[in-house]
Amino acid sequence: SSDISDKEKYAERNYSLAKEFGNKYLIVKAGANYASFLSKQKKYDESLQTLNELSKSLIQLNSIDGYRLIYGNKAFVYTERKQWDSAYYYTSLYHTYNDSILGAEKVIEINKIEAREAVRQIEQGKKEAELQRKITLAILLGVCCFSIAVISIIYFRKKKIEMQKKLKETENERLEGEVDLKNRELASNTLLSTEKNHI
């Protein structure tokens, strides 16, 4: 809304709804927003009253972000009122809590970076393991192919030797048959010759 009175109404309604809902963190956030709006409208007493109410809720909540919001608003109100001691006090508290949040955010960011690195290393390990598995599989496949080739060569050589042996045996049998036939012919011719001579 561009209307200031509407903005105040919505900020106050937001704060009321947070109180109805009962979530202390939402109460602190909505209340700090409402108090900030009041401060900008130079309603400093109302703003401080709201911030003091929030401080009571904050004790139970114990939220660093909540303290930072309240102390930042109080520092602004006291600076506008030119109450320098109080402004300095709340500004110091604001910066202390703000630095705590920034420190916590840095720790969280460092943890995120470390987690990403750990995930990257795990992924790299998985990739290396997968590559190693593929290499091992390729080696096993190569050994199997080589073994099959060697076994095939040995098998076919053995078959060739057996075939040559059978061929030689068959040729020897044929030659023996031919020699036997020639011997019979010779014996038959010799008998014929002897009988002729005898006649």
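Right, let's walk through the structure included here. Nothing here was measured: the structure is a model prediction, and the numbers come from that model.

### Some points on the packing of aromatic side chains
Part 1 of the reasoning: Under the defined criterion, the tally for this structure stands at eight aromatic pairs.
Part 2 of the reasoning: Plain terms: the ring middles of Y67 and Y71 are 5.8 Å apart, the flat faces sit at 20° to each other, and that makes the pair stacked. Here the residue Y67 and the residue Y71 both occupy positions in helix 4 (residues 64-80), the gap between them amounting to four residues, near one helical turn. Residue Y67 shares its accessibility class with Y71, and that shared class is buried.
Part 3 of the reasoning: Relative to Y97, the ring of Y71 lies with its centre 5.6 Å away and its plane at 40°, an arrangement referred to as tilted.

### Quick notes on unusual backbone geometry
Backbone geometry follows two general trends: most residues other than glycine have a negative phi, and most peptide bonds adopt the trans configuration.
Part 1 of the reasoning: Look at K42: it is not a glycine, yet its phi comes out positive at around 65°.
Part 2 of the reasoning: Tracing the chain through its elements places K42 in the loop between helix 2 (24-40) and helix 3 (44-61).
Part 3 of the reasoning: Despite not being glycine, K82 has its phi angle at roughly 65°, a positive value.
Part 4 of the reasoning: Relative to the helices and strands, K82 resides in the loop between helix 4 and helix 5 (84-198).
Part 5 of the reasoning: Residue classification places K82 among the exposed positions, given a relative accessible area of 57%.

### Here we look at the nonpolar core
Part 1 of the reasoning: Core analysis: the largest hydrophobic core is formed by 23 residues, its most contacted members being Y15, L54, I70, Y71 and Y90.
Part 2 of the reasoning: Among the elements of the structure, helix 1 (4-21), helix 2, helix 3, helix 4 and helix 5 are those that each provide at least two residues to this core.
Part 3 of the reasoning: Ignoring sequence-local partners within four residues, the contact set of Y71 consists of Y90, L93, Y94 and Y97.

### Examining the packing of helix 3 against helix 4
Part 1 of the reasoning: Contact geometry for helix 3 and helix 4: axes closest at 10 Å, N-to-C directions at 155°. Considering the angle they form, helix 3 stands roughly antiparallel to helix 4. Note that helix 3 runs across helix 4; the crossing there is left-handed. Packed against helix 3, whose contacting residues are Y44, S47, L48, L51, N52, L54, S55, L58 and I59, the element helix 4 presents G66, Y67, I70, N73, K74, V77, Y78 and E80 at the interface.
Part 2 of the reasoning: Split by residue class, the contact of helix 3 with helix 4 holds ten nonpolar, five polar and two charged.

Thresholds, definitions, all that
All residue numbers here refer to positions counted from 1 along the written sequence of the relevant chain. The predicted origin of the model limits local features to residues at a pLDDT of at least 70 and limits the giving and counting of side-chain atom pairs to 80 or more, whereas totals for whole chains, interfaces and linings rest on all residues. Only heavy atoms go into the side-chain values, all of them from the structure, while hydrogens and water stay out. Classification of ring pairs uses Phe, Tyr and Trp, with its six-membered ring standing for Trp, and accepts pairs whose centres are within 6.5 Å; under 30 degrees between planes counts as stacked, over 60 as edge-to-face, and the remaining range as tilted. Each helix is a run of DSSP H or I of at least 4 residues and each strand a run of E of at least 2, with the numbering of both proceeding from the N terminus. Throughout, exposure labels follow a simple rule: accessible area from a 1.4 Å probe, protein chains only, divided by the maximum for the residue type, with under 20% read as buried, over 50% as exposed, and the rest as partly exposed. Side-chain atoms within 4.5 Å link the members of a nonpolar core, which is a set of buried Ala, Val, Leu, Ile, Met, Phe, Trp, Tyr and Cys residues. Here, two residues are considered to be in contact whenever any of their heavy atoms come within 4.5 Å of each other. As a rule, the C-alpha atoms of each element are fitted with a line to give its axis, helices using only the stretch in contact, and angles between N-to-C directions run from 0 to 180 degrees. Reported orientations rely on four angle classes, namely roughly parallel under 35 degrees, roughly antiparallel over 145, roughly perpendicular from 65 to 115, and oblique for the rest. Here a crossing is called left-handed whenever its near helix is offset anticlockwise from the far helix by less than a right angle, and right-handed whenever the offset is clockwise. Side-chain classes follow a simple rule in which Ala, Val, Leu, Ile, Met, Phe, Trp, Tyr, Cys and Pro form the nonpolar group, Asp, Glu, Lys and Arg form the charged group, and the remainder, Gly included, forms the polar group.

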